[in-house]
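Residues per chain, in single letters:
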Amino acid sequence: MQRLGVLGLAAIVSCLSACATEGGDAEGGSSGDPSATDPEEGGGDTNADDSTAGDAPEVPDVAYCDPVSGWQGSWSVLEVEILEHVNARRAEGADCGAAGMYGPVGPLTMQPALRCAARVHSKQMVEQEFFDHVTPAGEEPWDRMDAAGYRYSSAGENIAAGNPTAADTMQQWMDSDGHCRNIMSPDFTELGVGYFAGGFYGHMWTQAFGRP
């Protein structure tokens, strides 16, 4: 079974946990629901900045990220594959349906704090048995980014479940207008990807998008 969820915003000043400095509108999914969950819906640039290169830490050395710092190597590889697929799509441009046409746009770089936020959420969704951008305790994407130490002017989040491969998960997102929009948005310059195996759907994915 496959599920999707999309939430994005561009330069917001609404009363979320961390406010940006410029005004804008919050973006929702193609249905207007920030956590669309249709079970029937379902994805490189070799020069992209890969935080797994060399001895660079995959996530920041802060207490919030400790539970997701010792990741399985195969999971980290899947996360990097998502980044590569994202940058390949951004380089080509895409038709995001009702969200509009997007021409080629620059690559995203893997950002450790966003990667932490994404991993934390994928882990939460599996272990607490829910599928949403907001946790049962009320933690939102912006709370996770704050806790990981990321300060943004624009931010967004995609979630997906059910597919075991990066390519199939990317296609799942690209086939949904709202998810496609977040992937192609020129408002974002950085990405964090979190993959966690297990739970009812077997495979849980989160993309955390940002611009400092």
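Source: prediction; values computed, not measured. (Residues numbered from 1 in each chain as written. Predicted model: local features only at pLDDT ≥ 70, side-chain atom pairs only at ≥ 80, totals over all residues. Heavy atoms only, no water.)

Chemist: Explain the overall build of the protein chain here, please?
Modeler: Broken down by element type, the protein chain carries five helices and eight strands. Helices and strands in the protein chain line up, N terminus first, as β-β-α-β-β-β-α-α-β-α-α-β-β. Looking at the protein chain as a whole, 53% of its 212 residues are labelled buried. Of the roughly 8,700 Å² that the protein chain leaves accessible, carbon and sulfur atoms contribute 49%. (Helix = DSSP H or I, 4+ residues; strand = E, 2+ residues; numbered from the N terminus. Buried < 20%, exposed > 50% of the residue type's maximum accessible area, 1.4 Å probe, protein only. Areas by Shrake-Rupley, 256 points an atom, 1.4 Å probe, with all protein chains shown as cover.)

Chemist: Explain the pattern of salt bridges here, please?
Modeler: One pass over the structure, following the stated rule, counts seven salt bridges. A salt bridge links Arg144 to Glu157; the nearest nitrogen and oxygen atoms lie 2.9 Å apart. Of this pair, Arg144 sits in helix α3 (residues 141-148) while Glu157 sits in strand β6 (residues 154-161), placing them 13 residues apart in sequence. Between Arg151 and Asp146 there is a salt bridge; the shortest N-O distance is 3.8 Å. (Salt bridge = Lys/Arg side-chain N within 4 Å of Asp/Glu carboxyl O.)

Chemist: Help me out: how do you make sense of the packing of helix α1 (residues 73-92) against helix α4 (residues 166-174) in this one?
Modeler: When two helices pack together, their arrangement is given by the angle between the helix axes and by the axis-to-axis distance. Between α1 and α4, the least distance of the axes is 9 Å, while the angle of their chain directions is 45°. It follows from the interaxial angle that α1 and α4 lie oblique. The handedness of the crossing between α1 and α4 comes out as right-handed. The residues of α4 that touch α1, namely those facing Leu78, Glu81, Ile82, His85, Val86 and Arg89, are Ala166, Ala167, Thr169, Met170, Gln171, Trp173 and Met174. A breakdown of the residues in the contact of α1 with α4 according to their chemical character gives eight nonpolar, three polar and two charged. (Axes fitted to C-alpha atoms, helices over the stretch in contact; angles between N-to-C directions. Parallel < 35°, antiparallel > 145°, perpendicular 65-115°, else oblique. Left-handed = near helix turned anticlockwise from the far one by under 90°. Contact = heavy atoms within 4.5 Å. Nonpolar A, V, L, I, M, F, W, Y, C, P; charged D, E, K, R; others polar.)

Chemist: Looking at this structure, how should I read the pairing of strand β7 (residues 190-197)?
Modeler: Side-chain positions along a regular strand alternate between the two faces of the sheet. In terms of burial, β7 is a largely internal element, seven of the eight residues being buried. By the bridge criterion, eight bridges tie β7 to strand β8 (residues 203-211) in an arrangement that is antiparallel. Looking across to β8, one finds that Tyr195 is bridged to Trp205. The turn linking β7 back onto β8 is made up of five residues, and Gly198 within it adopts a positive phi angle of 125°. (Pairing = 2+ DSSP bridges.)

Chemist: Just checking my understanding: could you explain unusual backbone geometry for this structure?
Modeler: Look at Glu129: it is not a glycine, yet its phi comes out positive at around 60°. The exposure class of Glu129 is exposed, given its relative accessible area of 72%.

Chemist: Honestly, the state of the cysteines in this entry has me stumped. Any pointers?
Modeler: The final tally for this structure, using the stated rule, is two disulfides. The residue that forms a disulfide with Cys96 is Cys180, at a sulfur-sulfur distance of 1.9 Å. Residues Cys96 and Cys180 share a disulfide whose torsion about the S-S bond is about -65°; that sign makes it left-handed. Within this pair, whereas Cys96 is found in the loop between β3 (94-95) and β4 (101-102), its partner Cys180 is found in helix α5 (residues 177-184), the two being separated by 84 residues in sequence. For the protein chain, the disulfide bridges join cysteines in the arrangement 1-3, 2-4, where the cysteines are counted in sequence order. (Disulfide = S-S within 2.5 Å.)

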